[in-house]
Amino acid sequence: QDGVSRVVLIGASSGARMKEVLLNLSSASQSLGEYVPLDIWTRDSKELVKGIVDSAKWSLGPVTIHTAPKFSSPLLWASVWDPAIDVDDENAIILEDTAQVTEGLLQFVAKARSWYSGVPELAGVALSKDLPIAATEPFLYPAVPDVLAFAPASPGLWREYRSWIHDHRHEIGFL
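So, a few notes on the structure that sits alongside this text. (Residues numbered from 1 in each chain as written. Predicted model: local features only at pLDDT ≥ 70, side-chain atom pairs only at ≥ 80, totals over all residues. Heavy atoms only, no water.)

Once that is clear, we can look at helix H6 (residues 155-168). An ideal rise of 1.5 Å per residue puts 20 Å on 14 residues; H6 measures up with 20 Å between its terminal C-alpha atoms. When we look at burial in H6, the residues that qualify are Pro155, Leu157, Trp158, Arg159, Tyr161 and Ile165. (Helix = DSSP H or I, 4+ residues; strand = E, 2+ residues; numbered from the N terminus. Expected span 1.5 Å × (residues − 1). Buried < 20%, exposed > 50% of the residue type's maximum accessible area, 1.4 Å probe, protein only.)

This part covers the side chain of Arg6. Mapped onto the fold, Arg6 is located in strand S1 (residues 6-10). Judged by relative accessible area, Arg6 falls into the buried class, the value being 18%. In this structure Arg6 touches Val36, Pro37, Asp39, Trp81, Glu90, Asn91, Ala92 and Ile93, once residues within four positions along its chain are discounted. (Contact = heavy atoms within 4.5 Å.)

Here we take up the packing of helix H1 (residues 15-27) against helix H3 (residues 46-56). At a minimum axis separation of 9 Å, H1 and H3 run at an interaxial angle of 40 degrees. Considered as vectors, H1 and H3 are oriented oblique to each other. Judged by the twist between their axes, the crossing of H1 over H3 is right-handed. For the pair H1 and H3, contact is made by Gly15, Met18, Lys19, Leu22 and Leu23 and by Val49, Ile52, Val53, Ser55 and Ala56, respectively. (Axes fitted to C-alpha atoms, helices over the stretch in contact; angles between N-to-C directions. Parallel < 35°, antiparallel > 145°, perpendicular 65-115°, else oblique. Left-handed = near helix turned anticlockwise from the far one by under 90°.)

That is the geometry; function is a separate question.
Here it is as structure tokens:
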């Protein structure tokens, strides 16, 4: 599957910005699919975020609102998507709510996954300052915290990243 089957949104800004991202995602639903669960990680109250989601009329799948841990950015990014060990066909896109979400962005992610599927050097697709770039070796460890959106190439690579961050968080200062 080349499209996006899960959206993970990290709430870093105002409620109005989160609503704009959700509306843009909904309008780009052709690139998402018919069923797309939404995970939102925020430090705002769940009631406030639920109101934002309701006003944006997210209808592509279930919404789960999580309280964001008070980790540094790299640990937060590593915490927000935990694909099951036996799941290898789920494609996620992880976004900060400051990212510019368009149909073109989602199409780019799908095309990049299709073109580079099976290329072991490709960790995923990173979007920094709204310019698409392909993340390559060394994996993605230093790249993730400085991007606005990241689409891991596979659940397995994302599990590898999570494991690496967990194992090295003290020595690289991600406490």
